[in-house]
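Next come the chains, spelled out residue by residue.
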Amino acid sequence: MRQKDIFIAFFRSGILGYGGGPSSIPLVHKEVVETYKWMDSDEFSDILALGNALPGPINTKMAGYIGYRVGGIAGMLNAIIASVIPSIILMILLLTGLNAYKDEPWVKGMAEAVVPVVAVMLGVLTWGFVKKSGKSKLGWLWTFCLIGVSFLLLEGLKIHPAFIIFALLAGALLIPVSGEGQKRKRRGE
């Protein structure tokens, strides 16, 4: 039953994720966190951050890791296949058909209408992450400072997101753990 759920979750996000990785991330989040409850939003955001730091399509990286975590090697293969099959089917069927009508206004309008929907989906997911960060030990001040600095580095200096993620991960590893976290670290938890 779990392999069936893995397939359904990643097939749905693959078939509905029109526009590539950015549009499929909220869909994967919905399936993995809300529908099947295989992990919480914090774990998902960690996977998303690490996945963005690695080369390749984000949807298949997340599918591979989450599938492996939930269902072992069979789950990993199942999730990757389920997330790739929709693209293959749709590329063959839709692009062959749409290619004949590519200059028609309704085809151009359809492609342009998807962009704002994807923007809203990403905005909702982003706001959820911002709220979680603000309410965490990080606090609202550091959350907004990191958002501002990240925005400046990404848009102003055109630094690749992977470098920012690596820098933040390195900083998190180098900053000493305090209080309860230090006690857990000593106990090996």
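What comes next concerns the included structure. All values derive from a computational prediction rather than experimental measurement. (Residues numbered from 1 in each chain as written. Predicted model: local features only at pLDDT ≥ 70, side-chain atom pairs only at ≥ 80, totals over all residues. Heavy atoms only, no water.)

## A short note on a nonpolar patch on the surface
On the surface, Ile-88, Ile-89, Ile-92, Leu-93 and Leu-94 cluster together into a nonpolar patch covering about 480 Å² of accessible area. Looking at the secondary structure, you find Leu-94 in helix H4 (residues 58-100). The class for Leu-94 is partly exposed, based on a relative accessible area of 44%. (Patch = residues over 30% accessible without salt bridge, like charges linked within 9 Å, V, L, I, M, F, W, Y side chains within 5 Å. Areas by Shrake-Rupley, 256 points an atom, 1.4 Å probe, with all protein chains shown as cover. Salt bridge = Lys/Arg side-chain N within 4 Å of Asp/Glu carboxyl O. Helix = DSSP H or I, 4+ residues; strand = E, 2+ residues; numbered from the N terminus. Buried < 20%, exposed > 50% of the residue type's maximum accessible area, 1.4 Å probe, protein only.)

## Focus on the environment of Ile-6
Its location among the elements puts Ile-6 in helix H1 (residues 2-16). Using a relative accessible area of 0% as the deciding quantity, one classes Ile-6 as buried. Distance in space between the C-alpha atoms of Ile-6 and Ile-89 is 19 Å, their sequence separation being 83 residues. Leave out the neighbours within four places in its chain, and Ile-6 touches Trp-38, Gly-67, Val-70, Gly-71, Gly-75, Asn-78 and Ala-79. (Contact = heavy atoms within 4.5 Å.)

## Things to note about the environment of Asp-5
If you trace the backbone, Asp-5 turns up in helix H1. Remark: the alpha-carbon pair of Asp-5 and Tyr-36, spanning 31 residues in sequence, is separated by 8.0 Å.

## Regarding the pattern of salt bridges
Summed over all chains, the structure comprises four salt bridges. Residue Arg-12 is joined to Glu-31 by a salt bridge in which the shortest nitrogen-to-oxygen separation is 3.3 Å. Here Arg-12, found in helix H1, pairs with Glu-31, found in helix H2 (residues 21-35); they are 19 residues apart in sequence, far enough to count as distant. Among the residues examined, Arg-12 registers a relative accessible area of 33% and is labelled partly exposed. The partner of Glu-43 in a salt bridge is Arg-69, and the shortest N-O contact between them spans 2.6 Å. One end of the pair, Glu-43, is in helix H3 (residues 41-53); the other, Arg-69, is in helix H4, and 26 residues separate them in sequence. Given a relative accessible area of 27%, Glu-43 falls into the partly exposed group.

## What to know about H1
Taking 1.5 Å per residue as the helical rise, H1 with its 15 residues ought to reach 21 Å, and the 21 Å between its terminal C-alpha atoms agrees with that figure. Within H1, the full set of buried residues consists of Ile-6, Ala-9, Phe-10, Ser-13 and Gly-14. Looking down the long axis of H1, one finds its buried residues gathered within 125° of arc, a one-sided arrangement. When the buried face of H1 is taken as reference, the exposed residues oriented beyond 90 degrees from it are Lys-4 and Leu-16. Where H1 is buried, its residues meet H2 and H4. (Expected span 1.5 Å × (residues − 1). Arc of directions from axis to C-beta.)

## Side note on the environment of Met-110
Along the chain, Met-110 falls in helix H5 (residues 105-135). The exposure class assigned to Met-110 is partly exposed, which follows from its relative accessible area of 38%. Counting along the chain gives 39 residues from Met-110 to Gly-71, while the straight-line C-alpha distance between them is 37 Å.

Without other data, these values stay purely geometric and don't point to any function.
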